[in-house]
Amino acid sequence: MVWVNLGNRWSVSMSEHAPSVDDVWEENDSRELESSTADIRRIHKKQGYLDGLMRAKESSLQAGFDDSFPKGADLGIAAGYILAQLISHKDDNLLQQAKQELNISKVLSKKYFTSTLEIEGDEHPVIREWKDKVTGLK
Amino acid sequence: MDIDDVYDIENVLDLEDEYYDEGYKEGQDVSVQEQYLEGMEYGYQTGMQRFLIVGYMKGLIDYWKSHLSQYEQVVSLKTLENHLNQAENVLENISMANTEDAVREYEKAVLKTKNKIRVIASICKEQWKINDIDDFVKEVGGQLQASENLDDMW
């Protein structure tokens, strides 16, 4: 799976790794196929199933991405704002500390999210903590 | 080939379509919650990375606006305020949606505001606030590689 941005929206593409019929259905298809209705049904239903599955997965990935993208943007705006305020106030100690604590890997740590990837509570606790610190500088 | 042969081929093709559609519907009905959550992880990451710089520029503007008197000696406050208001207006209109139009507008707006911020920083003799802006954003947000394995993060 890859995420691509071709000058427009971020989109998911699973086509590179889309399994073929043989990858998923463990049967020996090398034998001569009989031209019976049963064979036609089996072959075409399998391919339809795989195509439907891949399409559903792609659209679910995209839906998840689209739903959380603005929430991630909110976090990014808040973190960037805090860092700019700290640099403007020339508080290098707090700035260095904030760079560590507001790093994407810390902010997006699973411990701050529910099992359905919603932020626990009203506001991200690390963001709230730093907002309070910055307010104190003014 | 006589007419009966053609009729038989058409029947077979209809059947193929029918069976394909039957399979397609079954495939679509499989649970996709796992993929939805995986998409959410990428969305959070990409959204945060893309908008760090927006927040950073908002933070700079707010500081300048609330400390205008500091710059009286180096620039006309009216000029400075005009620059700040223009930059602020561009940032306020950036959409956070992941649509084709919004992403295209984002690129334009960020570039425009960055240029405006450079002018303001230069006027205020505070280029140090923006000299390393891209490295700064990368340091906090990481490289924009949404296809990376996010296991460590999530």
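Residues numbered from 1 in each chain as written. Chains lettered and ligands numbered in written order. Predicted model: local features only at pLDDT ≥ 70, side-chain atom pairs only at ≥ 80, totals over all residues. Heavy atoms only, no water.

In the nomenclature of an unreviewed UniProt entry, chain B corresponds to Piso0_001786 protein from the organism Pichia sorbitophila. What UniProt records for chain B under Sequence similarities (unreviewed entry) is the sentence "Belongs to the LTO1 family." (UniProt positions renumbered as here; feature names shortened; annotations may be inferred.)

Looking at an unreviewed UniProt entry, one finds chain A named Protein YAE1, with Pichia sorbitophila as its source organism. One UniProt comment on chain A, placed under Sequence similarities (unreviewed entry), says "Belongs to the YAE1 family."

## Section: the UniProt feature "coiled-coil region" (unreviewed entry) in chain B
Mapped onto this numbering, the UniProt entry annotates "coiled-coil region" (unreviewed entry) at residues 77-116 of chain B. The span residues 77-116 of chain B is 82% helical and 0% strand by assignment, and the distance between its end C-alpha atoms comes to 16 Å. (Helix = DSSP H or I, 4+ residues; strand = E, 2+ residues; numbered from the N terminus.)

## So, the layout of surface pockets
Considered as a void within the structure, the largest pocket measures approximately 310 Å³ in volume. Taken together, 14 residues line the largest pocket, and the ones lying closest to its centre are Gln49(B), Ile53(B), Tyr106(B), Asp134(B) and Val137(B). (1 Å grid on protein atoms, 1.4 Å probe; cavity = no way out; pocket = protein on both sides within 12 Å on 5 of 7 lines; lining within 4 Å. Points joined across faces, edges and corners; volume = space filled by probe spheres on them.)

## Digging into the interface of chain B and chain A
Every contact between the two is made by 58 residues of chain B and, on the other side, 65 residues of chain A. Between chain B and chain A lies a buried interface of about 5800 Å² when both sides are counted; carbon and sulfur atoms form 70% of it. Applying the counting criterion to the chain B and chain A interface returns four salt bridges. Lys99(A) is the salt-bridge partner of Glu139(B), the closest N and O atoms lying 3.4 Å from each other. Counting across the chain B and chain A interface gives 21 residue pairs in polar contact (both at pLDDT 80 or more). Every element with two or more residues in the side of chain B that touches chain A is listed here: α1 (3-28), α2 (33-66), α4 (100-123) and α5 (133-141) of chain B. (Contact = heavy atoms within 4.5 Å. Buried area = accessible area lost by both parts, 1.4 Å probe. Salt bridge = Lys/Arg side-chain N within 4 Å of Asp/Glu carboxyl O. Polar contact = N/O pair within 3.5 Å; in protein donor to acceptor, adjacent residues only side chain to side chain.)

## Overview of the nonpolar core
Grouped together as the largest cluster of nonpolar side chains are 62 residues, with contacts concentrated most on Leu102(A), Val54(B) and Trp64(B). If you list the elements that add at least two residues to this core, you get α2 (37-88), α3 (92-101), α4 (104-107) and α5 (125-137) of chain A together with α2, α3 (77-92), α4 and α5 of chain B. Sort the elements by how many residues they give to this core and α2(B) lands first, with 15 residues. With near-sequence residues (within four places) excluded, Val54(B) lies in contact with Ile77(A), Leu91(B), Ile94(B), Tyr106(B) and Val110(B). (Core = buried A, V, L, I, M, F, W, Y, C linked by side-chain atoms within 4.5 Å. Buried < 20%, exposed > 50% of the residue type's maximum accessible area, 1.4 Å probe, protein only.)

## Quick look at the UniProt feature "domain: Essential protein Yae1 N-terminal" (unreviewed entry) in chain A
Under the present numbering, the feature "domain: Essential protein Yae1 N-terminal" (unreviewed entry) in UniProt falls on residues 48-85 of chain A. Between the C-alpha atoms that bound residues 48-85 of chain A the distance is 55 Å, and the span itself is 100% helix and 0% strand.

## Details of a negative patch on the surface
Residue and element names in this part refer to chain B. Among the surface-exposed residues, Glu10, Asp14, Asp17, Glu18 and Asp21 lie close enough to one another that they form a single negatively charged patch. On the secondary structure map, Asp17 appears in helix α1. You can call Asp17 partly exposed: its relative accessible area is 49%. (Patch = residues over 30% accessible without salt bridge, like charges linked within 9 Å, V, L, I, M, F, W, Y side chains within 5 Å. Areas by Shrake-Rupley, 256 points an atom, 1.4 Å probe, with all protein chains shown as cover. Lys, Arg positive; Asp, Glu negative; His and termini not counted. Charge placed at Lys NZ, Arg CZ, Asp CG, Glu CD.)

## Regarding α4(B)
Residues three or four positions apart in an α-helix share a direction because the helix packs 3.6 residues into each turn. Helix length check: α4(B) (24 residues) gives 35 Å between terminal C-alpha atoms against 34 Å at 1.5 Å per residue, within 8%. Positioned one or two residues after α4(B), Lys125(B) has a phi angle of 55°, which is positive. (Expected span 1.5 Å × (residues − 1).)

## A word on the packing of α2(A) against α5(A)
All names here are of chain A. For the pair α2 and α5, the least separation of the axes is 10 Å and the interaxial angle reads 30°. By the angle between their axes, α2 is roughly parallel relative to α5. Of the two elements, α2 crosses α5, and the hand of that crossing is left-handed. Between α2 and α5, the residues in contact are Leu75, Ala78, Ala79, Ile82, Gln85 and Leu86 and Ile127, Trp130, Lys131, Val134 and Leu137, respectively. Of the residues that constitute the contact of α2 with α5, the class distribution is nine nonpolar, one polar and one charged. (Axes fitted to C-alpha atoms, helices over the stretch in contact; angles between N-to-C directions. Parallel < 35°, antiparallel > 145°, perpendicular 65-115°, else oblique. Left-handed = near helix turned anticlockwise from the far one by under 90°. Nonpolar A, V, L, I, M, F, W, Y, C, P; charged D, E, K, R; others polar.)

## Description of the environment of Tyr24(B)
For Tyr24(B), the position within the fold is in helix α1. Between the alpha carbons of Tyr24(B) and Leu111(B) there is a distance of 44 Å; along the sequence they are 87 residues apart. Ignoring sequence-local partners within four residues, the contact set of Tyr24(B) consists of Gly48(A), Tyr49(A), Asp51(A), Gly52(A) and Arg55(A).

## Here we look at the packing of α2(B) against α3(B)
Residue and element names in this part refer to chain B. At a minimum axis separation of 10 Å, α2 and α3 run at an interaxial angle of 150°. If you check the angle between α2 and α3, you find them roughly antiparallel. Viewed along their axes, α2 and α3 form a crossing whose handedness is left-handed. Taking contact as the criterion, the partners of Val54, Met57, Lys58, Ile61, Asp62, Trp64 and Lys65 in α2 are, on α3, Leu84, Asn85, Ala87, Glu88, Leu91 and Glu92. When grouped by side-chain class, the residues that make up the contact of α2 with α3 number seven nonpolar, one polar and five charged.

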